[in-house]
2 protein chains.
Amino acid sequence: MDISRRGAAMPSSPIRKLAPLADEAKKRGVKVYHLNIGQPDIHTPREFFDAVGKFTEPVLAYGPSGGIVELRLAIVDYLASYGISIDLDEVWVTTGGSEAILFSLWSIADPGDEVIVFEPFYTNYNGFAAATGVKLVPIKLSVEQGFRLPAQKEIEKYITKKTRAILICTPNNPTGTVLTPEEMFVLGQVVKKHKLYLISDEVYREFIYDNREHTSALTLPDIEDQVIVTDSISKRFSACGARIGFVVSHNKKVMATMLKFAQARLCPPTVEQYGAVACFKNMHRFMKSMIAEYDKRRKVLIEELAKIEGVLTATPEGAFYTVARLPLKDAEKFAAWLLTDFSSDKKTVMVAPAAGFYASKKAGRDEVRIAYVLEEPSLKDAIDILGLALKEYKG
Amino acid sequence: MDISRRGAAMPSSPIRKLAPLADEAKKRGVKVYHLNIGQPDIHTPREFFDAVGKFTEPVLAYGPSGGIVELRLAIVDYLASYGISIDLDEVWVTTGGSEAILFSLWSIADPGDEVIVFEPFYTNYNGFAAATGVKLVPIKLSVEQGFRLPAQKEIEKYITKKTRAILICTPNNPTGTVLTPEEMFVLGQVVKKHKLYLISDEVYREFIYDNREHTSALTLPDIEDQVIVTDSISKRFSACGARIGFVVSHNKKVMATMLKFAQARLCPPTVEQYGAVACFKNMHRFMKSMIAEYDKRRKVLIEELAKIEGVLTATPEGAFYTVARLPLKDAEKFAAWLLTDFSSDKKTVMVAPAAGFYASKKAGRDEVRIAYVLEEPSLKDAIDILGLALKEYKG
């Protein structure tokens, strides 16, 4: 019995396939520092669990397909605090940011259509593209140029008759870049001129350092009908397991289409939506200190990485990742070796090979993504160990 | 800015589009009995909320993509209680039964491939087929023949080179039929002979009356590698808003493929999985009385419907729905009229027009689906009102 072509084309998670090796290392008594996943260690705000606990309906019933009104209103208020004005019917709650991406691709592209992405990019874009039959057309960025976007003309070279959208993520997973107002303006010009959608993944909106400002795609002039913003509470509220995301667009037809996809899957999980409402209403309490904590870690990371010979990285401006080029040929082999053959003082590190964050074949093979989701002393120790491992590695 | 062809092809929910009319009726002070949705009024077991409340991890982290091991083990035990033996790696937890259907279609069919369904069928199969580009090929059943399946030869007429699977639901939403061991045997023969998958939606496994027995597709001999069972806790534990489903198959390749789709969306919601574990472990406490309650309602429904002239229905054998043919031409207009123009003693009923449960054009237009999810006195009153309305209706 054959599986489908799209099933065969689906990538395995480049991060999760190393997991069994990490489990084995732990069984051998080796401590594994997880620099590989975007799973924050920051506590979920107590408001979240309080609100979940206060759910006292006797029946855990289906909610509205587009999400509960309380949460949609909270998101309207939240975006208003950034000067972004949307109507209540311009936001739907999704089951995680994942579903927001899925609904976006389903709604604006058909199998064989193309979506331009700047690589490296969030690895699961590859998965959703394979699932929906959309072809990702990568424009390669480089660590030497700090992962900055190319000029308008260069971007336009990649547009074909089949191009339907440009998909961005700012602040960026995995590179840590934050698109500048100028870069966003250029993207706005491109989508306007070529009548494309701009899908902007803004999950890390608050995770931004050195007094930079975030430019939401929703603030770009003249392309109101072309912008779809995908978002999630997973990182913002350290609630990855809640599976609450959302999608925002001023385009009524897009929103109506997304609602049809939403209706087919009935509704997002109910109780977490109340948790999300409570978090949005209390962001002032915990957000600043959370970002300050990540900023401290970021500085430790960059300082420590700078001490390792041959490692090249750009200082992350946002999110909590960086992509680092290592002085070796095959980062996937190295990442496996770290778990199977290396340890220093009974400790090792797990990193995410960056190849899975590219759509171009053979790209990113000498790079890893490092997530700074550990407390300072552990992070320092982990990067020290990475340095020792690189010295010892003969791969 | 155009939307995608698949977005345009997506059906609107035939049930949810009447909702604004019901809201308006309620604003006018009319009580609306909801016979239209499969939303049980039975209380969610207290074990569910207790378990959710006991979640004390400080971080609501990503869970495993295939679901937490505790829940997968509970499902293994649950199926064992039916004499169905599966390994731990033959079950993944999904975000609702909806996602189990989506993953099944994605994994075994490509755009343009065909899946045979017996109509009327669960309306959202239409949605997931449109979303995944799969063509549903309907075999029409009729209320006169109690929605029984046709003979093997008749079913085989619908098989083409593009057929990948037969999709069934037993006990059935919307007809209430339970496939007999003989019908299941025939389906097994067909998929074996023609090398097809059998996707069996067994969400209502326990909802079965008159001492009938459920025949799971997992018990059919010789086709172990061809069966995929989709399931959900929504109805079983009256927890529709939890969004916890699961998918079971002995086919290792199918399971590995589904896991790739699961990884792309990271994980199902975490806390509800603990709720589900607690419910599976305590089913003996609440399941019998829940089914007895539905059985009582079923008898009331059939008794009351029998009093209305011109209404034709088959006695439901399982689930909590029936499809009834009404003495009129357009059940959608009638369903709207019930909400906009009719009331008896300031009360009316909402029913689901059955056309949305068919893939064949113009089929089922004189039928409605009635869900018996109301307590006996309300149900009796609701069906009385339906009878009065049919007398008054001139459409």
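Residues numbered from 1 in each chain as written. Chains lettered and ligands numbered in written order. Predicted model: local features only at pLDDT ≥ 70, side-chain atom pairs only at ≥ 80, totals over all residues. Heavy atoms only, no water.

**Re the pairing of strand β11 (residues 347–350) of chain A**
Residue and element names in this part refer to chain A. What counts, and what does not: Only protein chains enter the calculation, and the probe is 1.4 Å; a residue is then buried if its accessible area is under 20% of its type maximum, exposed if over 50%, and partly exposed in between. Only DSSP runs of H or I with at least four residues qualify as helices, and only runs of E with at least two residues qualify as strands; both kinds are numbered from the N terminus onward. If DSSP finds at least two bridges between two strands, the strands pair.
Here β11 shows no split at all, with K347 and V349 on one side and T348 and M350 on the other all buried. Across four bridges, the pairing between strand β1 (residues 31–34) and β11 is parallel. Its bridge partner lying in β11, H34 is registered against M350.

**Here we look at the interface of chain B and chain A**
Rules: In this analysis, two residues are considered to be in contact whenever any of their non-hydrogen atoms come within 4.5 Å of each other. For this document, the term salt bridge refers to a Lys or Arg side-chain nitrogen within 4 Å of an Asp or Glu carboxyl oxygen. Side-chain atoms alone can form a polar contact between residues adjacent in sequence; in general such a contact is a pair of N or O atoms within 3.5 Å, and within protein one must be able to donate a hydrogen while the other accepts it.
Contacts between the two partners involve 80 residues from chain B and, on the opposite side, 80 residues from chain A. On the surface where chain B and chain A come into contact, there are two salt bridges. A salt bridge links R5(B) to D110(A); the shortest N-O distance between them is 3.7 Å. Connecting chain B to chain A are 47 residue pairs in polar contact (both at pLDDT 80 or more). Contributing elements (two or more residues each) for the side of chain B that touches chain A: α1 (5–9), α3 (46–53), α5 (96–108), α6 (124–132), α9 (252–264) and α10 (271–281) of chain B. Here the side of chain B that touches chain A takes seven residues from α9(B), the largest share from any one element.

**Describing a nonpolar patch on the surface**
All names here are of chain B. Just so we agree on the cut-off: Here a patch means residues that are over 30% exposed by relative accessible area and free of salt bridges, tied together within 9 Å if like-charged and within 5 Å if nonpolar (Val, Leu, Ile, Met, Phe, Trp, Tyr). All accessible-area figures derive from a Shrake-Rupley calculation using a 1.4 Å probe, and residue coverage is judged against the displayed protein chains alone.
A surface patch of nonpolar side chains, about 210 Å² in accessible area, is lined by V69, L73 and L88. Position of L73 relative to the elements: it lies in helix α4 (residues 69–80). Judged by its relative accessible area of 43%, L73 is partly exposed.

**Side note on the domain arrangement of chain A**
All names here are of chain A. Convention followed: Those domain boundaries reflect an automatic or database domain assignment. Two parts lose some accessible area (1.4 Å probe) when they are put together, and adding that loss for both gives the buried area.
Domain parsing of chain A yields domain 1 (5–43 + 286–392) and domain 2 (46–283). Taken together, the 38 residues of domain 1 in the interface contact 40 residues of domain 2. It is F286, E317 and F357 that lose the most area in domain 1 upon contact with domain 2, and together they represent 21% of the buried surface on that side. Linking domain 1 to domain 2 there are four salt bridges.

**Thoughts on the sheet that holds strand β9 (residues 312–313) of chain B**
Backbone-to-backbone hydrogen bonds pair the strands of a sheet. The strands run either parallel or antiparallel. All names here are of chain B. The four strands lie next to each other as β9-β10-β13-β12, forming an open sheet whose pairing is antiparallel. The two strands at the open ends of the sheet, each matched to only one other strand, are β9 and β12 (352–353). Alignment of β9 against strand β10 (residues 321–325), held across two bridges, turns out to be antiparallel. Within the sheet, the bridge partner assigned to L312 lies in β10 and is R325.

**A few points about the confidence of the model for chain A**
Convention followed: A score from 0 to 100, pLDDT tells how confident the predictor is in each residue.
With 100% of its residues at a pLDDT of 70 or more, chain A shows a mean pLDDT of 96. Quick note on the complex model: pTM equals 0.97, ipTM equals 0.96.

**What about the sheet that holds strand β13 (residues 367–371) of chain A?**
Residue and element names in this part refer to chain A. Spatially, β9-β10-β13-β12 is the arrangement adopted by the four strands of the open sheet, whose pairing is antiparallel. Where the open sheet ends on each side, the last strands, each with one partner, are β9 (312–313) and β12 (352–353). Here five bridges tie strand β10 (residues 321–325) to β13, and the two strands are oriented antiparallel to one another. Note that in β13 the partner of A324 across the bridge is V368.

**Some words on α10(B)**
Of all the 11 residues making up α10(B), nine are buried; the element is thus mostly covered by neighbouring parts of the structure. By the burial criterion, the buried members of α10(B) are V271(B), E272(B), Q273(B), G275(B), A276(B), V277(B), A278(B), C279(B) and F280(B).

**Here we look at the packing of helix α11 (residues 283–306) of chain B against helix α13 (residues 376–392) of chain B**
When two helices pack together, their arrangement is captured by the angle between the axes and the distance separating the axes. Residue and element names in this part refer to chain B. Here is the rule we go by: Simply put, an axis is a line fit to the C-alpha atoms, just over the touching stretch for a helix, and the angle between two N-to-C directions goes from 0 to 180 degrees. Roughly parallel means an angle under 35 degrees; roughly antiparallel, over 145; roughly perpendicular, 65 to 115; everything else is oblique. Should the near helix be turned counterclockwise from the far one by less than a right angle, the crossing is left-handed, whereas a clockwise turn marks it as right-handed. Gly falls in the polar group here, along with every residue not listed as nonpolar (Ala, Val, Leu, Ile, Met, Phe, Trp, Tyr, Cys, Pro) or charged (Asp, Glu, Lys, Arg).
As a packed pair, α11 and α13 sit with axes 9 Å apart at the nearest point and diverge in direction by 20°. Between α11 and α13, the angle falls in the class roughly parallel. The crossing of α11 and α13 is right-handed. Taken together, the residues of α13 that come into contact with α11 (itself represented by K296, R297, V300, L301, E304 and L305) are E376, L379, K380, I383, D384 and L386. A breakdown of the residues in the contact of α11 with α13 according to their chemical character gives six nonpolar, no polar and six charged.

**Side note on the side chain of R369(A)**
Residues and elements named next belong to chain A. Inclusion rule: Under the counting rule used here, the positive set is Lys and Arg, the negative set is Asp and Glu, and His together with the chain ends is not counted.
Mapped onto the elements, R369 comes out in strand β13. Look at R369: it is buried, it has no salt bridge, and the nearest opposite charge is D201 at 10 Å. Polar side-chain contacts of R369 include one of 2.9 Å to the backbone oxygen of N36.

**Some remarks on the nonpolar core**
The criterion, for reference: Here, the term nonpolar core denotes a set of buried Ala, Val, Leu, Ile, Met, Phe, Trp, Tyr and Cys residues that are joined through side-chain atoms within 4.5 Å.
Counting 216 residues, the largest nonpolar core has I166(A), F280(A), F334(A), I166(B), F280(B), F334(B) and I370(B) as its most contacted members. Aside from chain neighbours lying at most four places away, what touches F280(A) is L71(A), A74(A), I75(A), Y78(A), I233(A), R236(A), F237(A) and F246(A). I108(A), A165(A), C169(B) and I228(B) belong to the second-largest nonpolar core, a separate cluster that totals 71 residues.

**Brief notes about the relation of the copies chain B and chain A**
Think of it as a corkscrew move, a rotation about one axis and a shift along it, taking one chain copy to the other. Quick reminder of the rule: Alignment of copies: least-squares fit on C-alpha atoms of residues with pLDDT of at least 70 in both copies.
Between chain B and chain A, the superposition needs a rotation of 180° and an axial shift of 0.0 Å, giving an RMSD of 0.0 Å. Classification of the inter-copy transformation places it as that of a two-fold axis. When C-alpha positions in chain B are compared against the rotation axis, the closest is assigned to G53(B), at 3.0 Å. Taken together, the interface assignments show that 100% of the residues at the interface of chain B recur at the interface of chain A, consistent with an identical surface on both copies.

**As for the packing of aromatic side chains**
Short version of the rule: Aromatic contacts are taken between Phe, Tyr and Trp rings whose centres are within 6.5 Å, Trp giving its six-membered ring; a plane angle under 30 degrees counts as stacked, one over 60 as edge-to-face, and the others as tilted. The rule for a charge over a ring is simple: NZ of Lys or CZ of Arg within 6 Å of the ring centre, and within 35 degrees of the ring normal.
If you walk through the whole model with that rule in mind, you get 49 aromatic pairs over all chains. For the ring pair F55(A) and Y274(A), a centre distance of 5.9 Å and an interplane angle of 50° mean the geometry is tilted. Separated by 219 residues along the polypeptide, F55(A) in the loop between α3 (46–53) and α4 (69–80) and Y274(A) in helix α10 (residues 271–281) bring together distant segments of the chain. Judged by relative accessible area, which is 14%, F55(A) ranks as buried. Geometrically, the ring pair formed by F246(B) and F280(B) is edge-to-face, given 6.2 Å between the ring centres and 70° between the ring planes. Here the residue F246(B) occupies a position in strand β8 (residues 245–249), and F280(B) occupies one in helix α10, the gap between them amounting to 34 residues. Exposure remark for F246(B): the relative accessible area of 1% places this residue in the buried category. Among the aromatic residues, those joined into a ring-pair cluster are Y78(A), Y82(A), F237(A), F246(A), F280(A) and F286(A). Between R297(A) and the ring centre of Y294(A), over which it is positioned, the NZ or CZ distance is 5.3 Å.

**Overview of the side chain of H250(B)**
All names here are of chain B. Looking at the secondary structure, you find H250 in the loop between β8 and α9. Overall, the relative accessible area of 17% leaves H250 in the buried class. A distance of 2.8 Å separates a polar atom in the side chain of H250 from a polar atom in the side chain of E90. Discounting chain neighbours no more than four positions away, the residues touching H250 are S85, I86, E90, L218, E224, D225 and V227.

**Considerations on the pattern of salt bridges**
Considering all chains together, one arrives at 62 salt bridges over all chains under this definition. One salt bridge connects D210(A) with R212(A), and the closest N-O pair in it is separated by 3.5 Å. By relative accessible area, which is 45% here, D210(A) ends up partly exposed. Given a relative accessible area of 33%, R212(A) falls into the partly exposed group. R297(B) serves as the salt-bridge partner of D41(B), at 3.0 Å between the closest nitrogen and oxygen. Placement of D41(B) in the loop between β1 (31–34) and α3 and of R297(B) in helix α11 is noted, with a sequence separation of 256 residues between them. Counted as one network, the salt bridges with shared partners bring together R148(A), E183(A), D210(A), R212(A), D295(A), R298(A), K299(A) and E317(A).

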